[in-house]
Amino acid sequence: MARLAVKLLLLDQDDRLLLIHAKDPQTQAECWYPVGGGIEPGGTLQEAAAREAHEETGLVDLPPGLPVWRRDHTYEYDGRAVEVHEEWLMHTVDRFDPDCGSPSGHLTSVGL
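What you are looking at is a predicted structure, and each value in this text was computed from that prediction instead of being measured.

A. Geometry of the side chain of His-91. Locating His-91 in the fold gives a position in strand E5 (residues 80–92). With residues up to four places along the chain from it excluded, the contact list for His-91 reads Leu-8, Leu-9, Leu-10, Leu-11, Gln-46, Ala-49, Leu-62, Pro-63, Pro-64 and Gly-65.

Structural data, given as structure tokens:
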């Protein structure tokens, strides 16, 4: 069964997009991905988005996001296949300094 997940496109007023840089522990392949994570049973997209933004970047008071895309996707990580159903939200946020103490990976702001 696919894991339900939310992905956040966090854009600031200068159209900079916040991405996380990570490395697969098994293959050492590098990738960039947006903030996001699982949607808890009974939870809403916005609740999951606010929780993940806070956990992964330290951002509080996330403004509501606009749904922009959804997909069913399977990817490989650490030697196993992960099946997800992703709901993507776009959030316009004020510029902030991410909490780089995130266990998820290295946070990097990328200009568009």
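B. Structural view of the nonpolar core. The biggest cluster of nonpolar side chains holds 14 residues, and the ones touching the most others in it are Val-6, Leu-8, Leu-10, Val-35, Ala-49 and Leu-62. The set of elements that each furnish at least two residues to this core consists of strand E1 (3–11), strand E2 (16–23) and helix H1 (45–57). Residues contacting Leu-10, with those up to four places away along its chain left out, are Arg-16, Leu-17, Leu-18, Val-35, Leu-62, His-91 and Val-93.

C. Geometry of the pairing of strand E4 (residues 66–77). As paired elements, E4 and E5 share 11 bridges and run antiparallel to each other. For Pro-67, the partnering residue across the bridge sits in E5 and is Leu-89. Linkage of E4 to E5, two consecutive antiparallel strands, is achieved through a turn of 2 residues, within which Asp-78 is found at a positive phi near 55°.

Conventions we followed
- Residue positions are counted from 1 within each chain, in the order its sequence is given.
- Predicted model: local features are reported for residues with pLDDT of at least 70 only, side-chain atom pairs are reported and counted for 80 or more only, and whole-chain, interface and lining totals are derived from all residues.
- Side-chain measures were taken over the full set of non-hydrogen atoms in the model, leaving aside hydrogen atoms and water.
- Here a helix means four or more residues in a row that DSSP labels H or I, a strand means two or more in a row labelled E, and each is numbered from the N terminus.
- Residue contacts are counted whenever heavy atoms from the two residues lie within 4.5 Å of one another.
- In plain words, nonpolar cores are sets of buried Ala, Val, Leu, Ile, Met, Phe, Trp, Tyr and Cys residues tied together by side-chain atoms within 4.5 Å.
- The rule is simple: take the accessible area with a 1.4 Å probe, protein chains only, and divide by the maximum for that residue type; under 20% is buried, over 50% is exposed, in between is partly exposed.
- Strands were regarded as paired on the criterion that DSSP finds at least two bridges between them.

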